[in-house]
Amino acid sequence: MKLHKRSLVVPVLLACALALWAQQGTMFPPVRGTREMVAAANNFEVEAGFRLLTQGGNAVDAGVAGVLAAAVTEQARIGLGGEMPLIIQMNGKPPIVISGVGTAPEKATVQYYQTRQPEQWETMNDMPPIPGQGLKAAILPGLFDGLLLALRKYGTKSFADVVAPAIEYADAFPIGEEFVSFISRNQRVLKLWPASAEFFLPGGTPPKRGEIFRQPTLAKTLRELAAVEKKTRGNRDKKLKAVRDHFYKGTLGQRIGEYSEANGGLITKKDMAGFAAEEDKPVCGTFRGYEICKPGFWTQGPVMVQALNILEGYDLKKMGHNSPEYLHTVVEATKLAFADRDRYYGDPKFSKIPSETLLSKEYAAQRRQQIDAAKASMDHRPGTFAPPLPAPSNTTSPSQAQDTTCVNVVDRQGNVFSATPSGAWLPSVIAGETGVPYSTRLQSFVLTAGHANQIGPGKRPRVTLSPTLVLKDGKPYFAMSTPGGDNQDQAMLQALLNIIEFGMGPQEAVEAPRFQTEHFYSSFANHEFTPGKLNLESRIPRATMQALEQLGHRVQPSGDWSNASAPTVIRIANGVLDGGADPRRLRFIFGR
């Protein structure tokens, strides 16, 4: 058969385009714009944020809308009863942090957990100090008050405006593969709680991917909150305060407390009424002339600052990107920083944190001397400027953390919103007819006497959640956040070095092959320590893996795109917004 010449044009052009794209070296195309950009986990969250921007809202309005949409469409990983550290920088102002992280209820004492009995899914021989799921693991919901505090102080829109997309999606949205998978895997546990079974297993079975999923009780609650705003008299501030008060002190908060009390949980109506999110100063450090800002020691955020202080003493460029020498050095610096996290981090409102020492360049120089260029350390080595403490008690079972999401926004005025919403992930207990899931972040506490992160009433657990803002000459240079539990700061550290040290664009930076060390005490239920374990994506050459094995690392090759984190990055430079979205967990980003 003779082909017409014109029939060959499209295939040839397509082949040329694909070849040109392959040369650019990224799986996903970079997203660029000059006005505004939203990055999150799925199209619904990004659409929610952009809807607010097109309605004249700023980055905070858009970010709050995106997080609320996540609490509906990504409830496998984050729910309305969860928690969230947030960094905001308004144009021309210094960055601030909002702690939307809930606290331990009054009944959450060391003695309570030392004498507790196994939950239905546990045995006496294999139970963590604090359960990894269920009502006895629940901290107070912090995310919602964090969002309302941000909206009230730095946003411009009403609650009805920012919650409108979330209400639409709660009414009906096509459910994604990951959400379906999480429901299916956890249905045995979900059936232990009738309200959860009714919420996630309509008709008694998991939904199918792409199927319309409805959350009528959650939609009703969101509408109830919007109605409080509408009927409240006064200015915008009073209306928004009324919305948050309804969630914590009003009938909604009472129902959340009452459901917990009636079903063996620790949260009470009194606990709900006494909670408040708060504003905080970021912890900032410098690296190669850039300023890196993170939330405080109630998160693991300062780990990145500590690691960068150590790494600043090395010529990383000369080592070469992902060379054996480079990976060994970054891994060992990360291990030292995480050891300090495990020993010294906790809620500064309850414990004296040696922050000046931990963040100082002088301390970093001392830590740098502990890195052996010829050998991987197998020891857990926190700084020795305070008495040692016994390691957290743990069981042999690995911890199960269902993770987190991320929302980053930059608007046309140059305002920046960077959040790591988390908690209330599956399998979650739904608070009866409210549709609100409880978080299980109490499991991040330890019972160790004298530890900064020892559980206690009113304390925030030291969370893994860790949004990032990098400044250049005092102005935002890029915002970045990621899911990934304990892996968050090591994944973002590598992406940051890819951009600053090796000149990569954001999309290249998030796609580049990564390591993941597990040489720390896990932040989740069993707090296991895995000395020397180093997960390496298989795109890292085998010869490099062998060289690291010879240095003593316990290398575990993994899939090409297997790293547990998936950052999004928005860089602001020369009037251009340059975005990166990690394909490992299908992050979404859009700008214009």
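For the structure itself, consult the block above.
Parameters and conventions
Residues numbered from 1 in each chain as written. Predicted model: local features only at pLDDT ≥ 70, side-chain atom pairs only at ≥ 80, totals over all residues. Heavy atoms only, no water. Helix = DSSP H or I, 4+ residues; strand = E, 2+ residues; numbered from the N terminus. Rg over C-alpha atoms; globule rule 2.2 N^0.38 Å. Buried < 20%, exposed > 50% of the residue type's maximum accessible area, 1.4 Å probe, protein only. Contact = heavy atoms within 4.5 Å. Polar contact = N/O pair within 3.5 Å; in protein donor to acceptor, adjacent residues only side chain to side chain. Core = buried A, V, L, I, M, F, W, Y, C linked by side-chain atoms within 4.5 Å. Salt bridge = Lys/Arg side-chain N within 4 Å of Asp/Glu carboxyl O. Pairing = 2+ DSSP bridges. Axes fitted to C-alpha atoms, helices over the stretch in contact; angles between N-to-C directions. Expected span 1.5 Å × (residues − 1). Disulfide = S-S within 2.5 Å.

Student: What should I look at first to understand the overall build of the protein in this one?
Tutor: On a plain count of helices and strands, the protein comes out with 20 helices and 19 strands. Computed over C-alpha atoms, the radius of gyration of the protein comes to 23 Å, within 12% of the 25 Å expected from 2.2 N^0.38 for 592 residues, which places it in the range of a compact globule. C-alpha atoms of the protein, sized along the principal axes, occupy 75 × 60 × 55 Å. Residues counted as buried form 62% of the 592 residues belonging to the protein. Relative to all contacts within the protein whose residues are 6 or more apart in sequence, the contacts with residues 24 or more apart total 72%.

Student: So what exactly am I meant to see when it comes to the side chain of Asn 415 here?
Tutor: With respect to the helices and strands, Asn 415 occurs in the loop between β10 (407-410) and β11 (416-419). Of the polar contacts made by the side chain of Asn 415, one reaches the backbone nitrogen of Asn 91; its length is 2.7 Å. Beyond its immediate sequence surroundings of up to four residues, Asn 415 is in contact with Asn 58, Ala 59, Gln 89, Met 90, Asn 91, Val 409 and Val 410.

Student: So what exactly am I meant to see when it comes to the nonpolar core here?
Tutor: What tends to happen in soluble globular proteins is that the nonpolar side chains get buried as a cluster. Ranked by internal contacts, the top residues of the largest apolar core, which has 87 residues, are Leu 80, Ile 88, Phe 159, Phe 247 and Phe 417. No other element matches the 11 residues that helix α3 (residues 59-73) contributes to this core. Beyond its immediate chain neighbours, meaning those up to four positions away, Phe 159 contacts Leu 68, Phe 144, Leu 148, Leu 151, Leu 222, Leu 225, Ala 226, Glu 229, Leu 240 and Val 243. Core analysis: the second largest hydrophobic core is formed by 56 residues, Tyr 326, Val 470, Tyr 477 and Ile 540 among them.

Student: Just to check I follow, could you spell out the pattern of salt bridges for this structure?
Tutor: A side chain with one charge may pair with a side chain of the opposite charge, provided their charged atoms come close. Evaluated as defined, the whole model comprises 36 salt bridges. With a shortest N-O distance of 2.8 Å, Arg 341 and Asp 342 are connected by a salt bridge. Of the two residues, Arg 341 and Asp 342, neither departs from the other in class, the shared state being buried. Asp 582 is the salt-bridge partner of Arg 514, the closest N and O atoms lying 3.0 Å from each other. In this pair, Arg 514 sits in the loop between α19 (506-511) and β14 (515-517) while Asp 582 sits in the loop between β18 (576-581) and β19 (588-591), placing the two residues 68 residues apart along the sequence. Of the two residues, Arg 514 and Asp 582, both sit in the buried class. Taken together, the shared-partner salt bridges in this structure form one network comprising Arg 514, Glu 537, Arg 539, Asp 582 and Arg 584.

Student: Hey, could you run me through the sheet that holds strand β13 (residues 475-481) in this one?
Tutor: Sheet strands pair via backbone hydrogen bonds, and the direction of the pair is either parallel or antiparallel. Overall, antiparallel pairing links the seven strands, which are arranged β1-β18-β17-β13-β12-β9-β8 in an open sheet. Looking at the sheet topology across the chains shown, the edges are occupied by β1 (31-33) and β8 (283-287). Ignoring which end each strand starts from, the neighbouring axes of this sheet average 20° apart. Taken together, the five bridges between β8 and strand β9 (residues 290-294) define a ladder with antiparallel strand orientation. Residue pairing in the sheet places Thr 286 in a bridge with Glu 291 of β9.

Student: Just checking my understanding: could you explain α3 for this structure?
Tutor: What sets the pattern is the α-helix's 3.6 residues per turn: residues three or four places apart point alike. In this model, α3 (15 residues) spans 20 Å end to end at C-alpha, consistent with the 21 Å of a helix rising 1.5 Å per residue. Of all 15 residues in α3, 15 are buried; the element is thus mostly enclosed. Its side-chain oxygen at 3.0 Å from the backbone nitrogen of Val 60, Asn 58 defines the N-terminal cap of α3.

Student: Sorry if this is basic, but what is going on with the state of the cysteines here?
Tutor: A covalent bond between the sulfur atoms of two cysteines is referred to as a disulfide. Under the definition given, this model contains one disulfide. One disulfide in the model links Cys 284 with Cys 293; its S-S distance is 2.2 Å. On the S-S bond that ties Cys 284 to Cys 293, the torsion sits near 105°, and the link is right-handed. Counting only cysteine sulfurs, Cys 293 is the nearest neighbor of Cys 406, a cysteine outside any disulfide, at a range of 19 Å.

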